[in-house]
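Here is what each chain is made of, one letter per residue.
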Amino acid sequence: MVVEEKAIIETENLTKVYKGQVAVDHVTFKVFEGEVFGFLGPNGAGKTTLILMLLGLTEPTEGMARVLGVDPVREAIKVKGLIGYMPENMGFYNDLDAIQMLKFMADLNGLPRHIADERIEKALYTVGLENEAKKKIGAYSRGMRQRLGLAELIVKEPKVAFLDEPTLGLDPDATNKMIELIENLSKEQRMTIILCSHFLEMVQKLCSRMRIIIKGKMVAQGTMETLAKEKFGVDSEEYTLEEIYMKYFQEEA
Amino acid sequence: MHGLKVIFKKELADHFSSYRFLILFSLICMVSLIIAYMVSMTIKNEMKDIAKPQFVFLMLFISQGGLFSFVQFVAFFGPLIGLIMGFDLINRERNEGTLSRILAQPIYRDAVINGKFLAGVVTISIMIASIVLVITGLGLILMGVVPGIDEILRILVYMIISIVYISFWLGVAILFSIIFRSVTTSALAGLAVWIFFSFFVSLGANIVAKAFVPDAGPDNLEALLKQITIQRAISLSSPIILYSDATATIVDPTKKTTRSFVFVGPFEKLSSERFSGPLSLHQSLLIVLPYIITLIAITAICFAISYIVFMRQEIRSA
Ligand SMILES: Nc1ncnc2c1ncn2[C@@H]1O[C@H](COP(=O)(O)OP(=O)(O)O)[C@@H](O)[C@H]1O
Ligand SMILES: [Mg+2]
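Residues numbered from 1 in each chain as written. Chains lettered and ligands numbered in written order. Predicted model: local features only at pLDDT ≥ 70, side-chain atom pairs only at ≥ 80, totals over all residues. Heavy atoms only, no water.

A closer look at the overall build of chain B
- Looking only at helices and strands, chain B has 13 helices and zero strands in total.
- When the helices and strands of chain B are listed from N to C terminus, the series reads α-α-α-α-α-α-α-α-α-α-α-α-α.
- Per-residue burial over chain B gives 52% buried out of 318 residues.
- A fraction of 82% describes how many contacts in chain B between residues 6 or more apart in sequence connect residues 24 or more apart.
- Taken as a whole, chain B presents about 14,300 Å² of accessible surface, with 72% of it coming from carbon and sulfur. (Helix = DSSP H or I, 4+ residues; strand = E, 2+ residues; numbered from the N terminus. Buried < 20%, exposed > 50% of the residue type's maximum accessible area, 1.4 Å probe, protein only. Contact = heavy atoms within 4.5 Å. Areas by Shrake-Rupley, 256 points an atom, 1.4 Å probe, with all protein chains shown as cover.)

Set out below in structure tokens:
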């Protein structure tokens, strides 16, 4: 059965050069509705830069991008209204509590108060922060901040969410909880999710398709099976993603 | 537009709930109260047997009770208020990663600096207004003087100039907080500018004037006058002197060109004798209008630079 799939994100030769240093190198790809799409790559590979270009937070040096059909360079505000973004360093106002923070973000998005209040309550409950809602964010653990980041997405209800290193620095328990919550975002909230990480296990568990990105170049993309077949002519059962990843990593580095 | 409103409201709440503001405000209140008290006492003693002089109410602001007058205090300390309120407004958010978070929301980038600046200006206005009210109240209680319409208008103009003046320094602080990633560096840069304008400009103006027109003895009025002209022209490049001159004319209608205590030179006395009677409010306004416009203009320039730099800056926290 062939399903008509709609490309939610499209890029062509997207490139970013910082003072002569190429951070993202002619990257072309498509993300389809409902996917959980992973960028896998070591530190400094250019994952964050790629996301920032799709958000309209950084201008590409070359190439084009469309997010939900909108050009993030020319209509940055429109794109920002449609997408959700969880930055990698979890910056929150430490002297606000979770509810104040989420209200502020909802206000920035122009959400009416009664809708925002309702969603905030629901979101805090979903991510399991309902008991810490009145605590200052400064006193939150890293895992709690990460979950607050997800709560923000639940309140905003974007069509597409970008998650930058969502499990960075979390212990195994918190990581599993996070993976569960991201699955929930995808299934229950029906968000298309683009996440980037250097953490294999998570990408493996969550993503239907993924890309490996090293030194700004996309070196492979597809499902686990196609990746394994393309490169090694074997079925994925015989190779773990880790082995594939390491293989690419060594080849490129 | 909604972005500006939301940021403005948050920043305003931040100011009023911060210890920084509380300490700053208490400090200024304390000093103002002491000055007002000392001035009231002096005036009360001196006024015992004589008729009430003109502008007694204004004397609350311009008399040097012990060390310096309220007007001089604001001229000297006002820059610090602006700098302290603004030196970390942008770079702190950048370092903590909240800047990229809010800029990923559907708001214009300039809404952030506009909102922060406006909230600062409103905070400054409330601060100045409440202090002037406190001083007025104290004057009423201690001396029993009721300000006339003319005096009230003068104080209102004075308040507006002061708000613009402190806002200028807030603008300088915001500019540095955009340029420098480090909070300490931006605080230091602000202090350096403040010290430069407070001390070096007036000193430099003196030296330059004397270099152009050598001293020719106290009898050579022409040379003296030239020196003063050059010195004044150079001094006016300092916002602090601009402010001191403008406020002196407004709140001290009998004196016209008092400089704040840091800058008083021997030549001011000469020019202060140009007029004999007090200036009317209308005359005073005409004199200070260019000063006010200049202050607003340099604030706008400072803000324009902030705007240009901020709009082109790479926003990433790492
Ligand atoms: N503002 C910048 N100026 C210069 N180089 C930068 C800047 N930001 C990122 N880079 C470089 O771009 C590359 C990609 O960085 P990044 O996208 O953060 O990688 P990742 O998120 O995959 O770890 C890195 O080599 C980094 O040093
Ligand atoms: Mg990164």
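Side note on the nonpolar core
- By size, the foremost hydrophobic cluster in this structure holds 164 residues, and its most contacted members are A:Ile9, A:Leu148, A:Leu150, A:Phe162 and A:Leu195.
- With residues up to four places along the chain from it excluded, the contact list for A:Ile9 reads A:Phe29, A:Lys30, A:Val31, A:Leu54, A:Arg66, A:Val67, A:Val160, A:Phe162 and A:Ile194. (Core = buried A, V, L, I, M, F, W, Y, C linked by side-chain atoms within 4.5 Å.)

Some remarks on the side chain of A:Glu165
- As for its position among the elements, A:Glu165 is in the loop between strand 6 (160-164) and helix 6 (172-187).
- Apart from the residues lying within four places of it in its own chain, the contact partners of A:Glu165 are A:Asn43, A:Lys47, A:Glu88, A:Gln146, A:Cys196, A:Ser197 and A:His198.

Section: the packing of helix 2 (residues 19-46) of chain B against helix 7 (residues 109-143) of chain B
Residues and elements named next belong to chain B.
- Axis separation between helix 2 and helix 7 bottoms out at 9 Å; the angle between their running directions is 30°. With respect to helix 7, the axis of helix 2 lies roughly parallel. Between helix 2 and helix 7 lies a crossing whose hand is right-handed. On the side of helix 2, the interface is formed by Phe 21, Phe 25, Ile 28, Cys 29, Ser 32, Leu 33, Ala 36, Tyr 37, Ser 40, Met 41, Ile 43 and Lys 44, while helix 7 contributes Thr 123, Met 127, Ser 130, Ile 131, Val 134, Ile 135, Leu 138, Gly 139, Leu 142 and Met 143.
- For the contact of helix 2 with helix 7, the residue count by class is 16 nonpolar, five polar and one charged. (Axes fitted to C-alpha atoms, helices over the stretch in contact; angles between N-to-C directions. Parallel < 35°, antiparallel > 145°, perpendicular 65-115°, else oblique. Left-handed = near helix turned anticlockwise from the far one by under 90°. Nonpolar A, V, L, I, M, F, W, Y, C, P; charged D, E, K, R; others polar.)

Quick look at the packing of aromatic side chains
- Here the structure, examined in full by the defined rule, presents 19 aromatic pairs over all chains.
- With a centroid separation of 5.3 Å and an interplanar angle of 80°, the aromatic rings of B:Phe168 and B:Trp169 are classed as edge-to-face.
- Ring centres 6.4 Å apart and planes at 75° place the aromatic pair B:Trp169 and B:Phe197 in the edge-to-face group. In this pair, B:Trp169 sits in helix 8 (residues 149-179) while B:Phe197 sits in helix 9 (residues 183-212), placing the two residues 28 residues apart along the sequence.
- One aromatic cluster is present, built from ring pairs that chain together B:Phe57, B:Phe61, B:Phe70 and B:Tyr158.
- Directly above the aromatic system of A:Phe104 lies the positively charged group of B:Lys10, at a separation of 5.6 Å from the ring centroid.
- The ring of A:Phe92 carries B:Arg101 above its face, with NZ or CZ at 3.9 Å from the centroid. (Phe/Tyr/Trp six-rings, centres within 6.5 Å; stacked < 30°, edge-to-face > 60°. Lys NZ or Arg CZ within 6 Å of the ring centre and 35° of its normal.)

So, the packing of helix 5 (residues 142-156) of chain A against helix 6 of chain A
All names here are of chain A.
- Between helix 5 and helix 6, the least distance of the axes is 11 Å, while the angle of their chain directions is 5°. By the criterion of interaxial angle, the relationship of helix 5 to helix 6 is roughly parallel. The segment helix 5 lies against helix 6, with Gln 146, Arg 147, Leu 150, Leu 153 and Ile 154 engaging Lys 177, Met 178, Leu 181, Ile 182 and Leu 185.
- Class assignment for the residues of the contact of helix 5 with helix 6 results in seven nonpolar, one polar and two charged.

Some remarks on the site of ligand 1
- Neighbouring residues of ligand 1: 13 residues in total, closest A:Gly44, A:Lys47, A:Thr48, A:Thr49 and B:Arg316.
- Taken together, the residues near ligand 1 originate from chains A and B.
- The separation between an oxygen atom of ligand 1 and a polar main-chain atom of A:Gly44 is 2.7 Å.
- At 2.9 Å from an oxygen atom of ligand 1 is found a main-chain nitrogen or oxygen belonging to A:Gly46. (Near = heavy atom within 4 Å. Polar contact = N/O pair within 3.5 Å; in protein donor to acceptor, adjacent residues only side chain to side chain.)

With respect to the interface of chain A and chain B
- If you look at the interface, chain A gives 27 residues, while chain B gives 23 residues.
- Interface area, chain A with chain B, both sides summed: about 2,400 Å², of which 58% is carbon and sulfur.
- Notably, a salt bridge pairs B:Arg101 with A:Glu152, separated by 2.3 Å at the nearest N-O pair.
- Inspection of the region where chain A meets chain B yields nine residue pairs in polar contact (both at pLDDT 80 or more).
- At the level of elements, strand 1 (7-18), helix 1 (47-55), helix 2 (76-82), helix 3 (98-108) and helix 5 of chain A are the ones that each hand at least two residues to the side of chain A that touches chain B.
- No other element matches helix 3 of chain A, which puts five residues into the side of chain A that touches chain B.
- Counted by class, the side of chain A that touches chain B contains 14 nonpolar, eight polar and five charged residues. (Buried area = accessible area lost by both parts, 1.4 Å probe. Salt bridge = Lys/Arg side-chain N within 4 Å of Asp/Glu carboxyl O.)

Regarding the sheet that holds strand 9 (residues 217-222) of chain A
All names here are of chain A.
- Taking strand neighbours across the sheet as the criterion, the six strands line up as 5-6-7-3-8-9 in an open arrangement whose pairing is mixed. Of all the strands in the sheet, the pair left with one neighbour each is strand 5 (83-86) and strand 9. Direction aside, the axes of adjacent strands within the sheet are offset by 15° on average.
- Pairing of strand 3 (residues 36-40) with strand 8 (residues 209-214), which is carried by four bridges, proceeds in the parallel orientation. Looking at the pairing, Phe 37 lines up with Arg 209 of strand 8.
- Where helix 1 meets the sheet, its contacts fall on strand 3, strand 5, strand 6, strand 7 (192-197) and strand 8, and the angle it forms with strand 6 comes to roughly 150°.
- Contacts from helix 6 reach strand 3, strand 5, strand 6 and strand 7 within the one sheet, and its direction differs from that of strand 7 by about 150°. (Pairing = 2+ DSSP bridges.)

With respect to the pattern of salt bridges
Residue and element names in this part refer to chain A.
- Per the stated rule, a full pass over the model turns up 16 salt bridges over all chains.
- Between Glu 165 and Lys 47 there is a salt bridge, and its shortest N-O distance comes to 3.7 Å. Of this pair, Glu 165 sits in the loop between strand 6 and helix 6 while Lys 47 sits in helix 1, and the two are 118 residues apart along the sequence.
- Relative accessible area serves as the criterion here: at 5%, Glu 165 is assigned to the buried category.
- Judged by its relative accessible area of 4%, Lys 47 falls in the buried class.
- In this structure, Asp 117 and Lys 103 form a salt bridge, with 3.8 Å as the shortest nitrogen-oxygen distance.

So, a nonpolar patch on the surface
- A cluster of nonpolar side chains, contributed by B:Ile195, B:Phe196, B:Phe199, B:Phe200, B:Leu203 and B:Ile207, occupies part of the molecular surface with about 590 Å² of accessible area.
- Structurally, B:Phe196 is set in helix 9. (Patch = residues over 30% accessible without salt bridge, like charges linked within 9 Å, V, L, I, M, F, W, Y side chains within 5 Å.)

Details of helix 6 of chain A
Residues and elements named next belong to chain A.
- Between its terminal C-alpha atoms helix 6 stretches 22 Å, which fits the 22 Å expected from 16 residues at 1.5 Å a residue.
- Those residues of helix 6 that fall on the buried side of the exposure criterion are Thr 175, Met 178, Ile 179, Leu 181, Ile 182, Leu 185 and Ser 186. The buried residues of helix 6 all sit within an arc of 165° when viewed along its axis, so they share a single face. Across helix 6 from its buried face, at more than 90 degrees, point the exposed residues Asp 173, Glu 180 and Lys 187.
- For helix 6, the N-terminal cap is Asp 171; the gap from its side-chain oxygen to the backbone nitrogen of Asp 173 is 3.1 Å. (Expected span 1.5 Å × (residues − 1). Arc of directions from axis to C-beta.)

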